[in-house]
Structures are given as structure tokens and as C-alpha cells.
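Understanding the architecture of this molecule
Read off the chains here:
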Amino acid sequence: MKFFDTLAAFSSFVGRTFAVWVLILAALSFFFPSLFTPFAGYIPILLGVVMFGMGLTLKPGDFSEVFRRPLEVLIGVIGQFVIMPVTAWILCKALSLPPEIAAGVILVGCCPGGTSSNVMSFLAKGDVPLSVTITACTTLLAPLVTPFLIYLFARSWVDVALLPVFISILEIVLLPIAGGVIISHFAGGTVEKAKSVLPLISAIAIGIIVCAVVAKSKDSILHTGALVFLVVILHNCLGYVFGYLLAKAFGMSLPKRKTLAIEIGMQNSGLGVALAMKFFDPASAVPSAIFSVWHNISGSILATFFSNMGAKSKAKGGADAAPAGDGAAKAGAGQVKG
């Protein structure tokens, strides 16, 4: 029992410092690519492990907000699948990106929300139940919506095989999640004890994915690295801004505005990596790999800023400083850092 507690504490530490570890591993894979290129073939399996972990944490109650406040959930889901793809397309056109990089930027823009957004919403004193519900909904809709969006926005640069992309997302995302949900249902007690270790497993899997992409795409990073970093930062930050403005336009409270900003700005970039490596040039995976690191850094910074914003509002007696609500503690368990 003491060993398990120690492992859980270490898992929590790795989850909190994930971006630092990935930066270190990415640097190692850049300078010693031969050590990490063999992992490239295991990217879909690694992402499946992460999605399986997400399935273990899902419960029917995560979708309760769909029935309690369907309009807010719908706004978040539509915002996720409109703002990020359109912003990606505009950035690719405006900056005249090379086809393989443009395809990668659009790929990450068409992915569902990353579940690390749930943790960031909690830290930001946002509306965590709303965040969890939007993430779950966009993830389950991804097999249908993401291939269509990739086809719609990326076909100017690359050929998109719609049906194979659909099948791959089913295999990589939906089936592992379904497996996790089923096991959680029938072995709830055992799974509950293991949830504290899920951040460690997710962090290791995403870390290996990023390393494999960096190792495989070293030459591309050398030639386009600065440009890709610029595009990823702009894409992510514009997602935060437009997400916040979308919520404000619909008259949502401050916690909900924080949540939509974070939810829309953070992507399941691990899925972008897997799809890029399977269907496009390996260089197309670089934007998703960089996004995976960057959005955890920017999300942490934004969450800190938003948290202080809430404190200031509360001090002024504003109604917008409402608490995050039930389920906040759950947001930290087994979250995907991709």
C-alpha cells in the first residue's frame, strides 16, 4: 500500500510537471534521433493506451450537463469544431505554409479537445463539469466530425482519404475509450484505486509519441522549426481568445468564459500526431507534437491568470466568481496531456 501511495504521488508530480519532462525528452530525441525513431510505428497503440485511460475515468454522469444545459454544451462543441479548424486554415493561407506543415496545422485544428483542458479549467476556477462534458462530447463525435473537417480544410494542400481516416479514429479513439468504460463499469473498485496512476501512464505515452515525431522529423524541424512554433503559438492563443469571446457573446458567466477559452484552445494533439504519421508526410506530425508541449505550458499560464481574475471578481463581490462546481476533483485523474 505504501508503494502504491508513493507511485500515486510520483504520478501526480509527473502530471504537474509534464511539459518540462516532454521538453527534456524532445531535446534528447532531437540530438539522438536513432534512439527514438523505432517508436514511430507504435504511435497509434500509445495513443490508444491514453484513450483507454480516458475511458476508465468516464461515467454516465459526465454527460449529465448535456441534459441540464444543452445550449452551453452545444456552443462549446460547435465552437471547438469551428474556431480551431477555421483559424488553422486562415493561418496556413496567410503565412503560405508548405503543404506538409499546412496539413499538420489543420490536422491539429480538426481534432477534439484535449482532456488536459479539464485540469486547466479546474485550476482556472472555471466550470469543470461543463469542461468535462464538452471534452467527452467532442471526443465521441471525433470519428464522424474530424475526418470531414480534415477533408474540407486540408484538401487544398494534400489528398485526404476520408474513409480510412474515419476507420483509424474509430480504432485509435472510440474503441479504446469504449473498452475503458466497460472495464470501469465491471471492475469499478479496482479501477478507482488505479486512477491516481493514470496521469503517469498518459504522460509516458504522450512523451514517447512526441519523441518519436521529433526524431523522425529532425530535418523538417531544422528547416521550418521557427515557423511551425510561431503558427502553433498563434493557433493556440487565438483559440483561447475566440473561445472566451464566444462565451461572452452568449452572455455566459466568468467561470464559463474561462472554460470555453481553455476548452477550445487546447486540442487532442496526440490524435493529430497519429493521423499525420499514418496518412501524411511525417513532417505533418510536427505541429501536433509541438502543440502537445506548448498548450500545456500556455494552459498553465492562462489558468493561473484566470484564477487570479476570479479572485479579483470575488473580492469585488461579483456573481461571476461562482465556484467550479461538483466534479472538480475528478478533473485531475487520468487526464491526457496531449
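Residues numbered from 1 in each chain as written. Predicted model: local features only at pLDDT ≥ 70, side-chain atom pairs only at ≥ 80, totals over all residues. Heavy atoms only, no water.

Within the secondary structure, T135 sits in helix α8 (residues 128–154). On the basis of relative accessibility, which here comes to 1%, the residue T135 falls in the buried class. Considered as a pair, T135 and Q267 are 132 residues apart in the sequence and their alpha carbons are 9.6 Å apart. The contact partners of T135, leaving out residues within four places of it in the chain, are M54, G113, G114, T115, S117, N118 and E263. (Helix = DSSP H or I, 4+ residues; strand = E, 2+ residues; numbered from the N terminus. Buried < 20%, exposed > 50% of the residue type's maximum accessible area, 1.4 Å probe, protein only. Contact = heavy atoms within 4.5 Å.)

The next point concerns the pattern of salt bridges. For the structure on display, the rule yields five salt bridges. For R69, the salt bridge goes to E72, with nearest N and O atoms at 3.1 Å. The buried category is assigned to R69, whose relative accessible area is 15%. Residue class for E72 comes out buried when judged on its relative accessible area of 16%. Note that D127 and R69 form a salt bridge whose closest N and O atoms lie 2.6 Å from each other. Highlighted residues: D127 in the loop between α7 (116–123) and α8 and R69 in the loop between α4 (64–68) and α5 (70–94), separated in sequence by 58 residues. Like R69, D127 is buried. Each member of the salt-bridge network shares a partner with another, and the members are E65, R68, R69, E72, D127 and K256. (Salt bridge = Lys/Arg side-chain N within 4 Å of Asp/Glu carboxyl O.)

Before going further, it helps to spend a moment on the packing of α5 against helix α12 (residues 218–249). Relative to each other, α5 and α12 sit at 145 degrees, their axes nearing to 10 Å. Here α5 and α12 pass one another in a crossing that is right-handed. Here α5 contributes I75, G79, I83, M84, T87, A88 and L91 to the contact with α12, which in turn contributes V231, L234, H235, L238, G239, F242, G243 and L246. For the contact of α5 with α12, the per-class residue count stands at ten nonpolar, five polar and no charged. (Axes fitted to C-alpha atoms, helices over the stretch in contact; angles between N-to-C directions. Left-handed = near helix turned anticlockwise from the far one by under 90°. Nonpolar A, V, L, I, M, F, W, Y, C, P; charged D, E, K, R; others polar.)

Each pair of aromatic rings is reported with the distance of its centres and the angle of its planes. Applying the stated criterion across every chain yields a total of three aromatic pairs. Both rings, one in Y244 and one in F306, keep their centres 6.0 Å apart while their planes meet at 25 degrees; by these two values the pair is stacked. Here Y244, found in helix α12, pairs with F306, found in helix α15 (residues 286–315); they are 62 residues apart in sequence, far enough to count as distant. Judged on exposure class, the residue Y244 and its partner F306 are both buried. Ring geometry for F305 against F306: centres 6.1 Å apart, planes inclined by 45 degrees, an arrangement best described as tilted. (Phe/Tyr/Trp six-rings, centres within 6.5 Å; stacked < 30°, edge-to-face > 60°.)

Quick look at the state of the cysteines now. Formally, a disulfide is one covalent bond, and it connects the sulfur atom of one cysteine to the sulfur atom of another. Following the criterion strictly, the structure yields zero disulfides and no others. Unpaired in this structure, C110 has its nearest cysteine sulfur neighbour in C111, at a distance of 7.3 Å. (Disulfide = S-S within 2.5 Å.)

Within the protein, residue pLDDT values average 83, and 89% of them lie at 70 or more. Of all secondary-structure elements in the protein, the lowest mean pLDDT belongs to helix α10 (residues 188–194), at 69, while α5 reaches the highest, 96. This model gives residues 317–334 a pLDDT under 50, and the stretch forms 36 contacts once residues within four places in sequence are excluded. (pLDDT = per-residue confidence, 0-100.)

Let us now look at unusual backbone geometry. One non-glycine residue, S96, adopts positive backbone phi at about 50 degrees. Examined against the element boundaries, S96 turns out to sit in the loop between α5 and α6 (99–110). By relative accessible area, S96 is classed as exposed at 59%. Of note, K125 is a non-glycine position whose phi angle comes to about 60 degrees, a positive value. Along the polypeptide, K125 turns up in the loop between α7 and α8.

Under the 1.5 Å per step criterion, the end-to-end length of helix α11 (residues 198–216) is 27 Å for 19 residues, consistent within 8% with the ideal 27 Å. With 15 of 19 residues buried, α11 lies mostly within the body of the structure. (Expected span 1.5 Å × (residues − 1).)

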